[in-house]
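An overview of the molecular structure
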Amino acid sequence: GDSVTQMEGPVTLSEEAFLTINCTYTATGYPSLFWYVQYPGEGLQLLLKATKADDKGSNKGFEATYRKETTSFHLEKGSVQVSDSAVYFCAMYSGGGADGLTFGKGTHLIIQP
Amino acid sequence: DTGVSQDPRHKITKRGQNVTFRCDPISEHNRLYWYRQTLGQGPEFLTYFQNEAQLEKSRLLSDRFSAERPKGSFSTLEIQRTEQGDSAMYLCASSLLSLDRETQYFGPGTRLLVL
């Protein structure tokens, strides 16, 4: 069945470091892919998305490219800030009638000053 | 556009009691979704509505869970005879079918604790 796998956390980095959070998916069709971010005590905020192969989603300095050949959608940022500390969720929408998003387990990112 | 709102934000109840949560979607969004998120996990899809029609409910966790959207605007999620295992964050999301049905916007969630 459909599933999303993302790297386990927590991931701890120093401010201004380069960030990569890996995400791979398994789907029968060609899903749309998303990254959501969750700050403490809050709901999920859409960070970026890509709807077809080779699309690049970007927002607030974060980027992710939809790679069909490797079934991946890794999240990257060139220089992280303390304010980026949060939990990041990779998700996909594959339709098929249920129409819900399938999420990974989340990666807790901690940025130290 | 005020975003998706949920009420209450927190609920503490005793095992065996019934609880009801409310979700108000972004205005004019015709799709509304419910998810459950347990500690350390990603959200798990439960059910969704298109206008007032509940199009998917096989993912509801048990027959103790039910949801309604009577007028196609706000929705309620009810859990009857709560159990300690129901303790979780319950998230609501909405989307606009005609524009971009795949992109869902989430509310702040209702955190349920069953004692």
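Residues numbered from 1 in each chain as written. Chains lettered and ligands numbered in written order. Predicted model: local features only at pLDDT ≥ 70, side-chain atom pairs only at ≥ 80, totals over all residues. Heavy atoms only, no water.

1. Structural notes on the state of the cysteines
Residues and elements named next belong to chain A.
- Scanning the model with the defined rule gives two disulfides over all chains in all.
- Between the sulfur of C23 and that of C90 lies a disulfide, 1.9 Å long from S to S. Its S-S torsion of about -70 degrees marks the bond between C23 and C90 as left-handed, since a negative value means left-handed. Here C23, found in strand 4 (residues 23–26), pairs with C90, found in strand 10 (residues 86–93); they are 67 residues apart in sequence, far enough to count as distant.
- A relative accessible area of 1% means that C23 is categorised as buried. (Disulfide = S-S within 2.5 Å. Helix = DSSP H or I, 4+ residues; strand = E, 2+ residues; numbered from the N terminus. Buried < 20%, exposed > 50% of the residue type's maximum accessible area, 1.4 Å probe, protein only.)

2. Comments concerning the environment of F49 of chain B
Residue and element names in this part refer to chain B.
- In this structure, F49 sits in strand 5 (residues 44–50).
- Residue F49 is classed as buried on the basis of its relative accessible area, which comes to 1%.
- Along the sequence, F49 and R69 sit 20 residues apart, while their C-alpha atoms lie 7.3 Å from each other.
- If we skip the residues at most four places from it in the chain, F49 touches N30, R31, L32, W34, Q54, A67, E68, R69 and S75. (Contact = heavy atoms within 4.5 Å.)

3. A word on the interface of chain B and chain A
- Facing the 23 residues of chain B at the interface are 21 residues of chain A.
- When the area that chain B buries against chain A is broken down by residue, the three leading residues are P43, E102 and F106 of chain B, summing to 30%.
- In this structure, the connection of chain B to chain A is made through zero salt bridges.
- Where chain B touches chain A, the interface holds six residue pairs in polar contact (both at pLDDT 80 or more).
- Elements that contribute at least two residues to the side of chain B that touches chain A include exactly strand 4 (31–37), strand 5 and strand 10 (101–106) of chain B.
- Counting residues per element, the side of chain B that touches chain A draws most heavily on strand 10 of chain B, which supplies six residues.
- Partitioning the side of chain B that touches chain A into residue classes produces nine nonpolar, seven polar and seven charged. (Buried area = accessible area lost by both parts, 1.4 Å probe. Salt bridge = Lys/Arg side-chain N within 4 Å of Asp/Glu carboxyl O. Polar contact = N/O pair within 3.5 Å; in protein donor to acceptor, adjacent residues only side chain to side chain. Nonpolar A, V, L, I, M, F, W, Y, C, P; charged D, E, K, R; others polar.)

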